[in-house]
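# Summary of structural features
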Amino acid sequence: MKISLINHGCAKNLVDAELLLGILDKNGYKITLDENDADIVIVNTCSFIHDAEKESVQSILEMVEKGKKVIVSGCLSQKHKKDLKDAIPELSGMIGTSNLYDIIKVVKKITAGNKYESIIDEHPKYIYPEDITRQQITVGASSYLKIGEGCNYQCGYCIIPKLRGKYISRPIENIIKEANELVNKGVSEIILIAQDTSSYGIDLYGKQALPELLEELNKIENLSWIRIMYAYPTQLTDRLIDAIANLDKVVKYVDIPLQHSHPRVLESMKRPVMDYKKLVEKIRKRIPEVSVRTSLIVGYPGETEEEFDHLYNFVKEVKFDRMGAFEYSREKGTYSDTLKPQVPAKIKKQRRKKLMELQQKISRENNEKYINTTIKCIVEGYTNDGVIILRSEHDAPEIDGVVYATSSQEVIPGDIETVKITKADEYDLFGEIVE
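Cut-offs applied
- Residues numbered from 1 in each chain as written.
- Predicted model: local features only at pLDDT ≥ 70, side-chain atom pairs only at ≥ 80, totals over all residues.
- Heavy atoms only, no water.
- Axes fitted to C-alpha atoms, helices over the stretch in contact; angles between N-to-C directions.
- Helix = DSSP H or I, 4+ residues; strand = E, 2+ residues; numbered from the N terminus.
- Parallel < 35°, antiparallel > 145°, perpendicular 65-115°, else oblique.
- Contact = heavy atoms within 4.5 Å.
- Nonpolar A, V, L, I, M, F, W, Y, C, P; charged D, E, K, R; others polar.
- Salt bridge = Lys/Arg side-chain N within 4 Å of Asp/Glu carboxyl O.
- Buried < 20%, exposed > 50% of the residue type's maximum accessible area, 1.4 Å probe, protein only.
- Left-handed = near helix turned anticlockwise from the far one by under 90°.
- Pairing = 2+ DSSP bridges.
- Core = buried A, V, L, I, M, F, W, Y, C linked by side-chain atoms within 4.5 Å.
- Polar contact = N/O pair within 3.5 Å; in protein donor to acceptor, adjacent residues only side chain to side chain.
- 1 Å grid on protein atoms, 1.4 Å probe; cavity = no way out; pocket = protein on both sides within 12 Å on 5 of 7 lines; lining within 4 Å.
- Points joined across faces, edges and corners; volume = space filled by probe spheres on them.

Remark: helix α2 (residues 50-65) packs on helix α3 (residues 75-87), axes separated minimally by 11 Å, with the N-to-C direction vectors making an angle of 85°. Considering the angle they form, α2 stands roughly perpendicular to α3. Residue-level contacts link E53, S56, V57 and I60 of α2 to L76, K79 and H80 of α3. Counted by class, the contact of α2 with α3 contains 3 nonpolar, 2 polar and 2 charged residues.

This is the structure:
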């Protein structure tokens, strides 16, 4: 009996997928990376926005058509428990977001001949399987490390708290142990993830403990870089900013999804209403050479032309180093689903296009500042025609740009090299490795 897994969604979902494979491996099941060779296929799904759901459903249907026994895990099964089975009766099983260990019970029942087995907690409470070694799907210079799960915020557009439960932090010692294991496997960069990394430790230690965690991670030998994703605006405390500024292995990169700039829209989004321009100025002042990334939502229900202009001018003034803009996606079960008027799809598309065109210009200007300078970069691999692909500390994997470089000597993925930049475009840099 061979089992395969198809993963969809964010880096947090990827870690869950690797933990599921680790649980199966520990229990003696054969894992195959080729779903065509498998008897059972687990589809680990995403349900953050409508397009992500569609992708997940396509994978499920594809595997069903190929005659595989399909088990659905992740956010889609948690969100649509009964509806999903009604829509796709051929499903063999489902588990919820906090039922990772239950994959064994479900697989056992299916292999024993049960037509369908489902274990989904009504109120998810995620417990990280600390006794499990992740079976990594992606092996490279960088690895994600989940420091917490769930979310205590109730943002107006987001379904995640309902699907993942309250915020639960992992103990510092467990995170350090896993970080050491990853480094021993050859990982050079560890990327800390959670729904909100900056709230780490509040539930466990009664205070924000991310600065302490960073200090402990900074002591790990042979670890080159530590990157933090998904910080929350009100949790970007002076202690956290100082830790990012002062710890040599913590990359000078702050990812802080702000979502909007206009006070009324932020209030409707149930997001902090504060002066984000001042916050970014403070980060830039306190952390020399920092790169600030954000993500923004256009077309939130009720967003007027003036409110969008406010956002556009905010982006123009702040000049984010990295930025992503997304069209608002209507999700059942969220506060914003009930709001009126909903912004027409055509207008959402236009607003996103306008914002991203502005950001392209800003991004090119930012990148051109690096021409004729040298920067430290991590080696990712090679293109088909032998050009080296690297990434600077100002860029997170998969979402930001890369650096293409030549070298007279061979380089190894995971190594940190100095690159002299000779050219730049909107998102990527080009140069040569300094010997």
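Time to look at the pattern of salt bridges. As enumerated under the stated definition, the model contains 37 salt bridges in all. D321 is the partner of R284 in a salt bridge, and the nearest nitrogen-oxygen pair spans 3.2 Å. Taken together, the residues span a long stretch of sequence, with R284 in helix α11 (residues 276-286) and D321 in the loop between α12 (305-318) and β14 (322-327) at a distance of 37 residues. Across the salt bridge formed by R322 and D395, the nearest N and O atoms sit 2.7 Å from each other. With a gap of 73 residues between them, R322 in strand β14 and D395 in the loop between β16 (388-392) and β17 (403-406) connect regions that are remote in the sequence. Using a relative accessible area of 3% as the deciding quantity, one classes D395 as buried. Sharing partners across several salt bridges, the network here consists of E18, E130, R134, R170 and E178.

The contact between α11 and α12 brings their axes to 11 Å, and the two run at 15°. The pairing of α11 with α12 is recorded here as roughly parallel in orientation. In terms of crossing hand, the pair formed by α11 and α12 is right-handed. In this structure, α11 contributes Y276, K277, V280 and R284 to the contact, and α12 contributes F314, E317 and V318. Split into classes, the residues belonging to the contact of α11 with α12 amount to 4 nonpolar, no polar and 3 charged.

Moving on, we get to the sheet that holds strand β10 (residues 189-193). Taken in spatial order, the 3 strands line up as β7-β10-β11 in an open sheet, and their pairing is parallel. The open sheet is flanked by β7 (142-146) and β11 (225-228), the only strands paired with a single partner. On average, each strand axis in the sheet is tilted by 25° relative to the strand beside it, whichever way the strands run. Pairing geometry for β10 and β11, over 4 bridges, is parallel. Looking at β11, one finds that E189 is bridged to W225. In the packing of helix α8 (residues 210-218) onto the sheet, contacts are made with β10 and β11, and the angle to β11 comes to roughly 160°.

In a soluble, globular protein the nonpolar side chains are often hidden away together inside. In this structure, L192, L213, L214 and L355 are the most contacted members of the largest nonpolar core, which totals 57 residues. Ignoring any residue separated from it by four or fewer positions in sequence, one finds L192 in contact with L145, I147, T197, L210, L213, L214, L217, I226, R227, I228 and M229. Membership of the second largest hydrophobic core comes to 36 residues, among which are L5, I23, A141 and M229.

Here we come to the sheet that holds β14. Taken together, the 3 strands give an open sheet; going across it, the order is β12-β13-β14, and neighbouring strands pair in parallel fashion. The open sheet is flanked by β12 (253-255) and β14, the only strands paired with a single partner. If you compare each strand with its neighbour and ignore which way they point, the axes differ by 15° on average. Strand direction decides the pairing type here: β12 and strand β13 (residues 291-298), joined by 3 bridges, are parallel. In the sheet register, Y253 faces β13, and the bridge partner there is S291. Against the sheet, α12 engages β13 and β14, with an angle of about 165° to β13.

Next up on the list: the pairing of β7. When you tally the buried positions in β7, you get 5 out of 5 residues, the bulk of the element. Sheet analysis places β7 next to β10, joined by 5 bridges and oriented parallel. Bridge pairing in β10 places L145 opposite L192.

Our focus in this paragraph is unusual backbone geometry. With an omega of -5°, the peptide bond running from K340 to P341 counts as cis. Take P341: it is sitting in the loop between β14 and α13 (345-368). A positive phi angle, close to 70°, is found at N372, a residue other than glycine. Looking at the element boundaries, N372 is found in the loop between α13 and β15 (374-382). Judged by its relative accessible area of 60%, N372 falls in the exposed class.

Along the chain, the position of S73 falls in strand β4 (residues 69-74). With relative accessibility at 1%, the residue S73 sits in the buried group. Among the polar contacts listed, one links the side chain of S73 to the side chain of N44, at a separation of 2.8 Å.

With that settled, consider empty space enclosed by the protein. Tallied over the entire structure, the rule returns 1 cavity of 30 Å³ or more. In this structure, the largest cavity occupies an estimated 40 Å³ of space. Looking at the largest cavity, the residues that line it are N13, D16, N44, S73, G74, I95, G96, T97, L100 and R164. Where the lining of the largest cavity is concerned, the elements lending two or more residues are α1 (11-26) and β4. For the lining of the largest cavity, the class distribution of residues is 2 nonpolar, 6 polar and 2 charged.

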